[in-house]
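This is what each chain is made of:
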Amino acid sequence: MSAAVAQIDTATKRERRPFAPGTQLWEDTGLITFSFTAGSAFLLQTMEPTIAAVVDAHSTFRTDPMGRAVRSIASVMMWVYGGDEAIAEADRLRELHAGLNTEKDGIRYTALSSGPWAWVLHTGIFAFTEGNKYFARNPLTEADKEAYYQETVQLMRNFMVAPKEIPASYQEWEPWFEDMVENHLVPTQVARDYLKVIRKIAPPKQLPTPLRPVWRAVTKPVGQMQYFFTVGTTPEVVRRKLDLEWTEKDERRLRALGWVVGRAVPLLPERVRYFPIAYEARRLERDRARLRKVMDLRPM
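Participant: Explain a nonpolar patch on the surface here, please?
Facilitator: Taken together, the side chains of Leu 211, Val 214 and Val 218 define a hydrophobic patch exposed on the protein surface, amounting to about 260 Å² of accessible area. Mapped onto the fold, Val 218 is located in helix α11 (residues 212-232). For Val 218, a relative accessible area of 54% gives the class exposed.

So this is what it looks like as structure tokens:
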């Protein structure tokens, strides 16, 4: 490794740090409403040519959709709530993706190419702001969006995203993102397959055959709702590219459901409102704060 590269690598690693209470990522990422727009984020990823090729060759989303979804959500929770292990999780994913390369139609696709690697996290910014638009009681201000964006920039540093792939501000990010959606994303078969998979959730392979009709009956409304949320929270440009129908009636229904969700979720117990890793991390931080308060009162 050259001295210049070593300096860059050392500087980048110095900038990496886990998230803590008080950030928007800490407050919002672990909410169960995260799953409502996670589908649109993954759909946007599967329309990026390199990501689509790698997912097509290596992902288990067709054969084990539930397992893949659970593993993905758990990983995202680690990015924000894992403390020092958040950085280790980012490194684990980089190491894993270093070997997920493929060739298709004479083109070599590399999972860690700087643009596609960054795009995964950029779709999360869109999913967060879109989730707030539909499923939160209080809309984000422009200042909120900028603060959240800068926190995501830190997340990108944790994932060693190349600086050239990171717009400086949310205001610059918005037109950049719109240009990517309009001019770079393509209607891939992987994206179409993903929409089919979430609409009709395949049973686990180990599920006994007699129980499969029960599985289908139970998961059918879940799949329909996930498909509805995914299509509804996806950019109109993407719906056009994939020939997805979305009517004014659908939009009104989504907004009505979102209004209910935005008012119901804050009333749920924290253990229910947050995914398990997020809940336990938040509880642990409160325990630490109480311990610190007691220790600060000790006789000197």
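Participant: Mind showing me how you'd approach helix α10 (residues 189-199) here?
Facilitator: Given 3.6 residues per helical turn, the α-helix brings residues three or four places apart onto the same face. Within α10, burial applies to Val 190, Ala 191, Asp 193, Tyr 194, Leu 195, Val 197 and Ile 198. Its buried side turned inward, α10 meets α3 (34-45), α4 (49-58), α5 (65-81) and α11.

Participant: Quick question: what am I supposed to make of helix α9 (residues 170-183) here?
Facilitator: Look at α9: 20 Å from first C-alpha to last across 14 residues, which is about the 20 Å you get at 1.5 Å a residue. Where α9 is concerned, the buried positions are Tyr 170, Trp 173, Phe 177, Met 180 and Val 181. Seen end-on, α9 carries its buried residues on one side only, within an arc spanning 90 degrees. Summarising the geometry of α9, the exposed residues directed more than 90 degrees from the buried face are Gln 171, Glu 178 and Asn 183. Here the buried face of α9 lies against α3, α7 (114-135), α8 (142-158) and α12 (236-241).

Participant: Any chance you could explain the environment of Met 47 here in plain terms?
Facilitator: With respect to the element layout, Met 47 can be found in the loop between α3 and α4. On the basis of relative accessible area, Met 47 is assigned to the buried category, the value being 0%. Between the C-alpha atom of Met 47 and that of Val 265, which follows or precedes it by 218 residues, the distance is 31 Å.

Participant: Looking at this structure, how should I read the packing of aromatic side chains?
Facilitator: Working definition: an aromatic ring pair is given by the centre-to-centre distance plus the angle between the planes. This model, assessed by the stated rule, comprises 20 aromatic pairs. Relative to Phe 229, the ring of Phe 36 lies with its centre 4.8 Å away and its plane at 40 degrees, an arrangement referred to as tilted. Taken together, the residues Phe 36 in helix α3 and Phe 229 in helix α11 connect sequence positions 193 residues apart. Residues Phe 126 and Phe 177 carry aromatic rings whose centres are separated by 5.2 Å and whose planes lie at 15 degrees to one another, so their mutual orientation is stacked. You can see Phe 126 sitting in helix α7 and its partner Phe 177 sitting in helix α9, a full 51 residues away along the chain. With a relative accessible area of 9%, Phe 126 lands in the buried category. Residue Phe 177 is classed as buried on the basis of its relative accessible area of 5%. Of the aromatic side chains, those joined through ring pairs into one cluster are Trp 119, Phe 126, Tyr 149, Tyr 170, Trp 173, Trp 176 and Phe 177. Positioned above the aromatic ring of Phe 42 is the side chain of Arg 68, whose terminal nitrogen or guanidinium carbon lies 4.3 Å from the ring centre. A cation sits over an aromatic face here: Arg 253 above Phe 228, 4.3 Å from the ring centre.

Cut-offs used in this document
Residues numbered from 1 in each chain as written. Predicted model: local features only at pLDDT ≥ 70, side-chain atom pairs only at ≥ 80, totals over all residues. Heavy atoms only, no water. Patch = residues over 30% accessible without salt bridge, like charges linked within 9 Å, V, L, I, M, F, W, Y side chains within 5 Å. Areas by Shrake-Rupley, 256 points an atom, 1.4 Å probe, with all protein chains shown as cover. Salt bridge = Lys/Arg side-chain N within 4 Å of Asp/Glu carboxyl O. Helix = DSSP H or I, 4+ residues; strand = E, 2+ residues; numbered from the N terminus. Buried < 20%, exposed > 50% of the residue type's maximum accessible area, 1.4 Å probe, protein only. Contact = heavy atoms within 4.5 Å. Expected span 1.5 Å × (residues − 1). Arc of directions from axis to C-beta. Phe/Tyr/Trp six-rings, centres within 6.5 Å; stacked < 30°, edge-to-face > 60°. Lys NZ or Arg CZ within 6 Å of the ring centre and 35° of its normal.

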